[in-house]
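Residue-level structural notes
The lines below spell out each chain.
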Amino acid sequence: MIIDYVGVKEINGSLIVIDGVKDAFFDEVVDIRLDDGTMRRGRIVTMEGERVVVQVFQGTRSISLTNTRTRLTGHPMEMPMSPEIVGRVFNGSGVPIDNLGNVFPDKKYDINGSPINPVSRIYPQNYINTGISTIDTLMTLIRGQKLPIFSGSGMTHNELAVQIVRQAKISDEEGQGFVVVFAAMGVKNDVADYFRRSFEKSGVLQRVVMFLNLANDPIIERILTPRCALAVAEYLAFELNKHVLVIMTDMTSYAEALREFSTSKGEIPGRKGFPGYMYSDLASLYERAGMVKGKTGSVTQIPILTMPNDDITHPIPDLTGYITEGQIVLDRSLQAQGIYPPVSVLPSLSRLMKDGIGEGFTRKDHQSVANQLFASYAKVMDARSLASVIGEEELSAVDKKYIQFGRLFEERFVKQGSDDNRSIEQSLDLGWELLSHLPKSELDRVDDETLNAHYIDNIEEYESKKG
Amino acid sequence: MENQNVIYGINGPVVTVLKTKAFSMMEMVYVGEQKLVGEVITVTEDLTTIQVYEETTGLKPGDPVVGTGSPMNVLLGPGIIRNIFDGIERPLQAIADESGAFISRGVAVSALDTEKEWNVTITVKVGDKLCSGQIYATLPETPVIEHRLIVPPKVSGKVKKVFPNGNYKLMDTVVILEMEDGSEYHLTLCQQWPIRTPRPVKERLAPTVPLITGQRVIDTLFPVSKGGTAAVPGGFGTGKTMTQHQIAKWCDADIIVYVGCGERGNEMSQVLEEFSALVDPKNNRPMTDRTVLIANTSNMPVAAREASIYTGITLAEYYRDMGYDVAIMADSTSRWAEALREISGRLEEMPAEEGYPAYLPSRLAEFYERAGRVTPLCGGNGSVTIIGAVSPQGGDFSEPVTQNTKRFIRCFWALDKSLAYARHYPAINWIGSYSEYFTDLDKWFADNYGDEFIKCRNSISSLLQEESSLMEIVKLIGADVLPDDQKLVIEISKVIRVGYLQQNAFHKDDTFVSLEKQLLMMKTILHLYERTKHLVSANIPIARVLEKGLFDKLLKMKYDIPNDKLEMFDDYIKDIDQKIEEIMAVQL
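In every chain, residue numbers begin from 1 and rise along the written sequence. In the order they appear in the text, chains get letters beginning with A and ligands get numbers beginning with 1. The model is predicted, so local features are restricted to residues of pLDDT at least 70 and side-chain atom pairs to those at 80 or more, both for listing and for counting; the totals for chains, interfaces and linings are taken over all residues. Each side-chain value is derived from all of the structure's non-hydrogen atoms; neither hydrogens nor water enter the calculation.

Topic: the pattern of salt bridges
Residues and elements named next belong to chain B. For this analysis, a salt bridge means a side-chain nitrogen from Lys or Arg found within 4 Å of a carboxyl oxygen belonging to Asp or Glu. Tallying each qualifying case throughout the model produces 64 salt bridges over all chains. Ionic pairing is found between Lys 160 and Glu 184, a salt bridge with its closest N-O pair at 2.6 Å. Of this pair, Lys 160 sits in strand β13 (residues 157-162) while Glu 184 is found in strand β16 (residues 184-187), placing the two residues 24 residues apart along the sequence. When its relative accessible area of 41% is taken as the criterion, Lys 160 is described as partly exposed. In this structure, Arg 216 engages Asp 510 in a salt bridge whose closest nitrogen and oxygen atoms are separated by 3.0 Å. Numbering of helices and strands starts at the N terminus; helices are DSSP runs of H or I of at least 4 residues and strands are runs of E of at least 2. Throughout, exposure labels follow a simple rule: accessible area from a 1.4 Å probe, protein chains only, divided by the maximum for the residue type, with under 20% read as buried, over 50% as exposed, and the rest as partly exposed.

Details of the interface of chain A and chain B
Pairs of residues are marked as contacts when any of their non-hydrogen atoms sit within 4.5 Å. With 71 residues of chain A at the interface, the matching set in chain B holds 77 residues. A simple way to read buried area is as the amount of 1.4 Å-probe accessible surface that goes missing from two parts once joined, with both sides added. In this assembly, chain A packs against chain B so that about 6,100 Å² is buried in total across both faces, 57% of it on carbon and sulfur atoms. Counting the contacts that link chain A with chain B gives 2 salt bridges. Polar contact is defined as a pair of N or O atoms within 3.5 Å, subject to the rule that within protein one atom must be able to donate a hydrogen and the other to accept it, and that residues adjacent in sequence are counted only when both atoms are side-chain atoms. Applying the counting criterion to the chain A and chain B interface returns 26 residue pairs in polar contact (both at pLDDT 80 or more).

Some details on unusual backbone geometry
Of note, the bond from Asp331(B) into Ser332(B) is cis; its omega dihedral lies within 30 degrees of zero at 10°. On the secondary structure map, Ser332(B) appears in the loop between β24 (325-331) and α6 (333-346). Along the chain, Tyr425(B) connects to Pro426(B) via a cis peptide bond; the corresponding omega equals -15°. Locating Pro426(B) in the fold gives a position in the loop between α9 (417-421) and β28 (434-435). A positive phi angle is found at Asn99(A), which is not glycine, with a value near 60°. By the element assignment, Asn99(A) lies in the loop between β9 (89-91) and β10 (107-110). Judged by relative accessible area, Asn99(A) falls into the exposed class, the value being 77%. With phi around 55°, Asp310(A) is a residue other than glycine that occupies positive phi space. Along the chain, the position of Asp310(A) falls in the loop between β17 (298-306) and α7 (315-323). Taking the relative accessible area as the measure of exposure, Asp310(A) reaches 32% and is therefore partly exposed.

Points about the sheet that holds strand β11 (residues 135-140) of chain B
Residues and elements named next belong to chain B. Any two strands are treated as partners once DSSP identifies two or more bridges connecting them. Strand order in the open sheet formed by 4 strands is β12-β11-β9-β14, and the pairing between neighbours is antiparallel. At either margin of the open sheet sits one strand with a lone partner, and together these are β12 (146-150) and β14 (166-168). The sheet shows a mean angle of 40° between the axes of neighbouring strands, direction not considered. Across 3 bridges, strand β9 (residues 118-122) lies against β14 in antiparallel orientation. Within the sheet, the bridge partner assigned to Trp 118 lies in β14 and is Tyr 168. Structural elements are reduced to axes, namely lines fitted to C-alpha atoms, with helices fitted over the stretch in contact, and the angle between N-to-C directions of any two is expressed from 0 to 180 degrees.

Some details on empty space enclosed by the protein
Only protein atoms enter the calculation, which uses a 1 Å grid: trapped sets of points that fit a 1.4 Å probe without letting it out are cavities, open sets showing protein on both sides within 12 Å along at least five of seven lines are pockets, and any residue with an atom within 4 Å of a point is a lining residue. Grid points are joined across faces, edges and corners, and a volume is the space filled by probe spheres set on the points. This model, assessed by the stated rule, comprises 7 cavities of 30 Å³ or more. Empty space within the largest cavity amounts to approximately 800 Å³. If you trace the largest cavity, you find 34 residues lining it, with Arg227(A), Asp281(A), Ser284(A), Glu55(B) and Arg346(B) closest to the centre. Secondary-structure elements contributing two or more residues to the lining of the largest cavity are β5 (39-48), α4 (221-238), α5 (251-264) and α6 (278-286) of chain A together with α6 of chain B. Any residue that is not Ala, Val, Leu, Ile, Met, Phe, Trp, Tyr, Cys, Pro, Asp, Glu, Lys or Arg is counted as polar, Gly included; the first ten are nonpolar and the last four charged. Split by residue class, the lining of the largest cavity holds 13 nonpolar, 11 polar and 10 charged.

Considerations on the sheet that holds strand β15 (residues 175-179) of chain B
Residues and elements named next belong to chain B. Spatially, the 4 strands line up as an open sheet ordered β10-β13-β15-β16, and their pairing is antiparallel. Two strands in the sheet have a free side with no partner beyond their single neighbour: β10 (129-130) and β16. Here β13 runs beside β15; their pairing, made up of 5 bridges, is antiparallel. By the bridge assignment, Lys 161 is partnered in β15 with Ile 176.

Topic: the pairing of strand β4 (residues 28-34) of chain A
Residues and elements named next belong to chain A. β4 sits mainly inside the fold: 5 of its 7 residues count as buried. Across 6 bridges, β4 lies against strand β7 (residues 68-76) in antiparallel orientation. In the strand pairing of β7, Arg 33 is matched with Arg 69. Where β4 lies against β5, 5 bridges are found, and the strand directions are antiparallel. Considered in β5, the bridge of Ile 32 is made with Arg 40.

Here we look at the layout of surface pockets
Of the volumes computed, that of the second largest pocket is approximately 1,500 Å³. For the lining of the second largest pocket, the elements supplying multiple residues, two or more each, are β19 (349-350), α9 (353-356), α10 (366-390) and α13 (448-454) of chain A together with α3 (240-250) and α4 (265-277) of chain B. In terms of residue class, the lining of the second largest pocket is made up of 17 nonpolar, 19 polar and 12 charged.

Regarding a negative patch on the surface
A surface patch of like charges, here negative, comprises Asp564(B), Glu567(B), Asp570(B) and Asp571(B). With respect to the helices and strands, Glu567(B) occurs in the loop between α15 (557-560) and α16 (568-587). Patches in this entry comprise residues that are over 30% relatively accessible and not in a salt bridge; like charges within 9 Å are linked, as are nonpolar side chains (Val, Leu, Ile, Met, Phe, Trp, Tyr) within 5 Å. Only the protein chains shown count as cover for residues, with accessible areas throughout obtained via the Shrake-Rupley method and a probe of 1.4 Å. Charge assignment in this entry is limited to Lys and Arg as positive and Asp and Glu as negative, and neither His nor the chain termini are counted. Note on charges: their place is set at NZ of Lys, CZ of Arg, CG of Asp or CD of Glu.

As for the packing of helix α11 (residues 484-501) of chain B against helix α12 (residues 515-537) of chain B
All names here are of chain B. Where α11 meets α12, the closest approach of the two axes is 10 Å, and the angle between their N-to-C directions is 165°. When the interaxial angle is binned, α11 and α12 end up roughly antiparallel. At the point where α11 passes α12, the crossing takes the right-handed sense. On α12, the residues that touch Asp 484, Asp 485, Leu 488, Val 489, Ile 492, Val 495, Ile 496, Gly 499 and Tyr 500 of α11 are Gln 518, Met 521, Met 522, Ile 525, Leu 528, Tyr 529, Thr 532, Lys 533 and Val 536. Here the residues of the contact of α11 with α12 are counted per class, giving 12 nonpolar, 3 polar and 3 charged. Angles are sorted into four bins: roughly parallel if under 35 degrees, roughly antiparallel if over 145, roughly perpendicular if 65 to 115, and oblique for all others. By the definition used in this description, the sense in which the near helix is turned from the far one sets the handedness, with an anticlockwise turn below a right angle giving left-handed and a clockwise turn giving right-handed.

Structural data, given as structure tokens:
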């Protein structure tokens, strides 16, 4: 028997309260039909006896206390899955918007997913070559990792994400089984368009599943967008054994939607008004990256977030950093110097890097170069702050060397064209070349054997010969 | 059934039941048709509130809620070691075998394997009087850990019947006791214990024995004692987890309990992989033979995350009661505090600082006070050392979890962002960290390594302090203008920082360093300092010494001197003396 519940008791923000509901369950999806015939969807978020609170995805605009008929659907929020889903475009709540009709489902997935059992995880160790020197050498991306880009408004994070997608050798040799899932949350129309065009230009559009919740789309839908996208990613990776790269932008808009939803529910706010459970909520998204035993597919995530006011201690980047396996931080002053990608090397990090590089993966000396570059570049910062007080002229000879090294490092190592695809050997050799500008005795993070094998004794001569 | 209790309201992981008197505080209950595990957290006449340890999607008002009559328990017995549990002691491997790679809900599996047979040796005979805590049988749990079966607390009596030695399963009776009231008590291979209650001990002992970690900065400058408490606070990327891993791998505790509380799934699989690959040099067996893992990753239910800390400490106490030294790593207590906050928020409790509940400090105190070096009921001694990671928001140590933790721990290893950025690991900042155990431990160090160890440590620590104040000046005017004796402090401190405090976890010799080698390294560094200081006071420029490469040589001695060739330090001392003589000769 299908019951329509007529009218609602209460409307508050995106929430409606319905009384007398029987046999509903927590997290169930409901269909709401307005008198003018439009359909909306909602989800049960709180229940007290027969009184249920429903979150309406498309918002409560023009809902009155009497003009709705609500019907229970009998299932939680699900996403239809089929191999044909690749290449499709959906809105933020998983409804196709590319005029190609509904997805004919093979299977239906609960968009919330289930946590991966820690004992069933494979520890990710396969490195992904992105062709970007800073990332490959210093914060290597690993298949099955979640590595966010911490950026700010107006910085080139989108270009960087596109370049990673274009150059990433995430697939196996034949290039088979590589899929991108793109989830846009509250991004501008232009940005979504930029991604679409770039995917098209690089010929991967047929391998992209897009979820678009644009800046003017319903905010509450935004809470579903990454979940739909990740459900698709899990299906493709663990059912069809594909390597999936998930790009989620912008996580800041997502977190703000979460805050709006939480406030309208009347929950006690935590830091900066964000709900106390934001850590768990973000974790339920980010932790869906990984590889599991018995499957050859993988889910790799590159979430992008714009740090409000470029503040890395803001709750959104802060909590994200505690969950993800490292971060790529972009820096506004580098961007102002015309350096692309403006990767701020020191606060960036890849936690899974240490076991995915070195002999058998990249090159034996990789860890040594990376350690030394980090350590030396940190000293550049010291030298610069000293120079800003006493002037560059007054610096000691060694400090001057560091200043020079810092300049070369930023101009030649960090800076890279958006079409420049460097192999890992090129990047590592370049690293050694730059380090050779420092006196050998300053390189204290490398053992002598490695140092002697790679250090270029007469660097000026070497470089002039190279032209 | 007329008096069956049913769900009234659902809000995230919190479920309420209307008007019932059936439940007691902290009672464990089963919720819904799938029998999800829950715990009663508030009781009023009108409303009983239950936190559910699993996802609540699909629960309906009207679903049954069944009490178990006892508080949240864990099952204690052989089979704990080598296992990996979730926050409420459910074995994850068994769950994976049953429900695949993703954790489904309401999986009913026994915490320990009830079918496995253990080779039990009974150590009591008929007529013996047994009281709680006494050992009645032993069995080899793993090749390195002998599991001692102890009489559960509050049970005592005379042995009435003893079964022969041999193979028994977990639930089999091996000894029958006649209690004082004449009833029989069957001792099996296992017992239950509520996780929120500390297990009783005979007496607490002073923390006079250090926990040797093989990490120089810890053992030398900020030692922790067996039975002590330490906190490792640090923002993300400062190496909290790495520090915890290193301590877990190398410290001289008998048993390691590693609690991954609200942390990353991939990290847990790394622990699993690394610990099984790592062979313990002491007995040539893999680390896993003496490790218990509790993994409640950040996407697993939040209520179970709150419980995981207590589960971990209860397992640790159980092995302590057998007379073992246990170290428990809690990574991270901030996630646990956040779980408290999250549940508190769902209960609409009045928040205190930053939204944390007002009882945060008392909960932290309860947890850390369960550490200690004790005489267990069976005699001898055992200890539980707690090493808790703290993840302060934004790396700011003034936030409530760090501040309150500081009140209840005695050893504070502050991780520093700028050290981590320069890839100086372990990034323990020597200025902001402290240990209160010196007075307790100094006697031990003096007895085992002589007064020298303490003297060297004090010199090193005061050199670092001096350097830190000199660096203030250097930052303003550069190092060149300093007089030579101060330059020497800067140079030797560099050797201490890079050559001594920094330690490479991936280097085969450097990952673990014995106290003996630590002492020799300190002595060599200080020897160079004393000799050079002598030259400098004789107005010989320090540049003369620097160009001899002695300082650079000591920077690399941690790699150049293998752990089994400590006699090489003599050559280093000789080399220093010889080169210093050369400089003096030229000068004269």
